[in-house]
Amino acid sequence: MTQYVVIGDGISGSSAAETLREEDPEADITVITDEGEPLYNRILIKEHAKGKLPEAPISIHDEEWYDEREIELSLNTHVTAVDTDEKIVRTHEGEDISYDKLLVASGGTPTQLPVENSDADGIHHFWTFQDARRIRESAENGEDAVIVGAGLLGIDFAAVCGSQGVDGTYLMRGERWWRYALSNDGAEIMHDGMRSVGVEPVFDSGVDRFEVDDDGHVVAAVDPNGDRYPCDWAGVAIGLTFNTEFLENTDIEQENGIVVDEYMQTNVEDVYAAGDITRFYDVLLGEQAQNGSWGSAKEQGRVAAINMAADDGVEPFQWVSSYSITHFEFPFLSFGHPTLGDEHAEQRYSDTEWRRIAFKDGKIVGGVLIGDLSPQSKFKQLMREQRVVADQADVLLEQSVDLDNLAPAQEQ
Ligand SMILES: Cc1cc2nc3c(=O)[nH]c(=O)nc-3n(C[C@H](O)[C@H](O)[C@H](O)COP(=O)(O)OP(=O)(O)OC[C@H]3O[C@@H](n4cnc5c(N)ncnc54)[C@H](O)[C@@H]3O)c2cc1C
């Protein structure tokens, strides 16, 4: 009987465990998580922090779900080491768990700002349900907040401020939000969205240090220009540090993430990885890539499990991810790899509508849509078909995209 061990009960680990059970009804399956609760919807915890959702709908599985599938779930259990020669996973309690096949699905932990007082009370990071509960409490009791981190997670803090009536100041390095994927034209729409919910963006800024009161609670952020921003709490979202400490004594290849092929297999036999933590071979892009999104993590978990159970590379991971933001009056969607590519096409259509497409070797590899998301399925289709279309960007930028207006696809 095969023994599978999964480290992490986020969406990638949980979806892998579910698929493993379907593929291998007789197997022993153990899922280990250092969180105190089974899988919940990490995307929805922001709605809880915004004060909108009670706790219940955020949970996805209860412990019974694992019992019913005869999946052993170890909550509050931190993996401290892996021995890939002996095929053992060690926990913080000194327990050794043997595996035949291992899946590392341990995701990341928000990176702390390397500045004075960055661990003060009232400075929040946003990753777990517990974080969301604490943010909600601060937002319900505070009037002013500072936000740091001009990316997809930072903007969730802006949304919390908007919903909870907190005056937010959003300190950004550079001259715009998500400067790697948006031009000034697109970012300006997002900045207007922030202002509409009571959050003021501040550019060419950031945090040089936090100031605290006698109780060690944050009272202000000071930016590199010396400007001081008083606050009752702060939200920091400057990226993830991947949870790989327990792999320190292994030969598993890492490169700011665990390197896997398209079958989610690492360079070490019988060790797989899935979810945010991977640097995977993206068959559509034709190179190694990373992706921090729910749908992609879920699919990677499923694909890893299929290949683990088959004991062979039978199904490659092939996926166009998307990440949407619904905090403002206009929708926002990023798809694929909008920050990559060697060529870009973009257009602004109105005060709330903008589009940008990224191409590599003439093929779409990602993009951002603001205001009108209707072309998304067409762009994703072209990505999956790996069609060379960069020379027809004018068709893709028409307000209403009609793929019939593209020249017939050439043999690649
Ligand atoms: C506030 C917020 C909003 C988001 N919004 C969106 C969105 O709108 N759209 C979207 O697509 N994505 C969104 N995401 C991102 C998405 O949630 C992640 O990409 C996804 O959850 C990653 O899943 P994962 O399974 O790879 O990792 P995780 O969900 O991070 O799960 C990893 C698990 O492993 C555990 N673990 C780590 N180390 C150990 C160890 N040593 N021992 C035991 N357990 C360990 C962790 O505690 C964690 O439970 C959001 C994320 C956050 C935090």
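Our subject is the structure listed above.
Residues numbered from 1 in each chain as written. Predicted model: local features only at pLDDT ≥ 70, side-chain atom pairs only at ≥ 80, totals over all residues. Heavy atoms only, no water.

1. Structural notes on unusual backbone geometry
And then number 1: One non-glycine residue, D270, adopts positive backbone phi at about 70°.
And then number 2: Locating D270 in the fold gives a position in the loop between β18 (258-260) and β19 (271-273).
And then number 3: Unusually for a residue other than glycine, D311 sits at a positive phi of about 60°.
And then number 4: With respect to the helices and strands, the residue D311 is situated in the loop between α7 (294-310) and β22 (322-325).
And then number 5: A relative accessible area of 52% places D311 in the exposed class. (Helix = DSSP H or I, 4+ residues; strand = E, 2+ residues; numbered from the N terminus. Buried < 20%, exposed > 50% of the residue type's maximum accessible area, 1.4 Å probe, protein only.)

2. Overview of a negative patch on the surface
And then number 1: Taken together, D28, D62, E63, E64, D67, E72, E93, E95 and D100 make up a surface patch of like negative charges.
And then number 2: For the negative patch, the element with the most residues is helix α3 (residues 63-68), which contributes three residues.
And then number 3: When you line up the elements, D28 lands in strand β2 (residues 28-32). (Patch = residues over 30% accessible without salt bridge, like charges linked within 9 Å, V, L, I, M, F, W, Y side chains within 5 Å. Areas by Shrake-Rupley, 256 points an atom, 1.4 Å probe, with all protein chains shown as cover. Salt bridge = Lys/Arg side-chain N within 4 Å of Asp/Glu carboxyl O. Lys, Arg positive; Asp, Glu negative; His and termini not counted. Charge placed at Lys NZ, Arg CZ, Asp CG, Glu CD.)

3. Some points on the packing of aromatic side chains
And then number 1: Throughout the structure, instances matching the rule amount to 10 aromatic pairs.
And then number 2: Relative to F157, the ring of F126 lies with its centre 5.4 Å away and its plane at 40°, an arrangement referred to as tilted. Within this pair, whereas F126 is found in the loop between β9 (123-124) and α4 (129-141), its partner F157 is found in helix α5 (residues 154-164), the two being separated by 31 residues in sequence.
And then number 3: Relative accessible area serves as the criterion here: at 6%, F126 is assigned to the buried category.
And then number 4: Geometrically, the ring pair formed by F157 and W233 is tilted, given 6.4 Å between the ring centres and 50° between the ring planes. Here W233 lies in strand β16 (residues 233-236) and F157 lies in helix α5, a separation of 76 residues in the sequence.
And then number 5: According to the relative accessible area criterion, F157 is buried, its value standing at 0%.
And then number 6: The exposure class assigned to W233 is buried, which follows from its relative accessible area of 0%.
And then number 7: Feature note: the residues F126, F157 and W233 constitute an aromatic cluster, connected by ring pairs.
And then number 8: The ring of F129 carries the charged tip of R133 above its face, separated from the ring centre by 4.0 Å. (Phe/Tyr/Trp six-rings, centres within 6.5 Å; stacked < 30°, edge-to-face > 60°. Lys NZ or Arg CZ within 6 Å of the ring centre and 35° of its normal.)

4. Side note on the pattern of salt bridges
And then number 1: Within the structure shown, the criterion is met by 23 salt bridges.
And then number 2: Linking E37 and R133 is a salt bridge whose minimum nitrogen-to-oxygen distance equals 3.3 Å. Here E37 is found in the loop between β2 and α2 (45-49), whereas its partner R133 is found in helix α4, with 96 residues between them in sequence.
And then number 3: On the basis of relative accessible area, E37 is assigned to the partly exposed category, the value being 22%.
And then number 4: The salt bridge partner of K360 is E287, with a shortest N-O separation of 2.8 Å. With a gap of 73 residues between them, K360 in strand β25 (residues 353-360) and E287 in strand β21 (residues 287-289) connect regions that are remote in the sequence.
And then number 5: One network of salt bridges, in which partners are shared, links K87, K101, D270 and D311.

5. Considerations on the site of the ligand
And then number 1: In the vicinity of the ligand, 32 residues are found, and the nearest of them are S12, D34, E35, R42 and D276.
And then number 2: Contact between the ligand and I11: an oxygen atom at 3.3 Å from a main-chain N or O atom of the residue.
And then number 3: Expressed as a share of its isolated accessible area of 1,000 Å², the protein-covered part of the ligand is 96%.
And then number 4: Contributing elements (two or more residues each) for the shell around the ligand: α1 (11-23), α7 and β22.
And then number 5: Of the residues contributing to the shell around the ligand, the split by class is 12 nonpolar, 14 polar and six charged.
And then number 6: Counting residues domain by domain, the shell around the ligand receives three or more from each of domain 1 (3-109 + 240-310) and domain 2 (123-236). (Near = heavy atom within 4 Å. Polar contact = N/O pair within 3.5 Å; in protein donor to acceptor, adjacent residues only side chain to side chain. Nonpolar A, V, L, I, M, F, W, Y, C, P; charged D, E, K, R; others polar. Domains from an automatic or database assignment.)

6. A closer look at the pairing of strand β1 (residues 3-7)
It is a general feature of regular strands that their side chains alternate between the two faces of the sheet.
And then number 1: β1 sits mainly inside the fold: four of its five residues count as buried.
And then number 2: Bridging between β1 and β2 involves five bridges; their strand directions are parallel. Bridge assignment links V5 to a residue of β2, and that residue is T30.
And then number 3: In this fold, β1 hands off to α1, which returns the chain to β2; that crossover is right-handed.
And then number 4: Sheet topology places β1 next to strand β7 (residues 101-104); four bridges connect them, and they run parallel. Bridge pairing in β7 links Y4 to K101. (Pairing = 2+ DSSP bridges. Right-handed = clockwise from strand over helix to strand, strands pointing away.)

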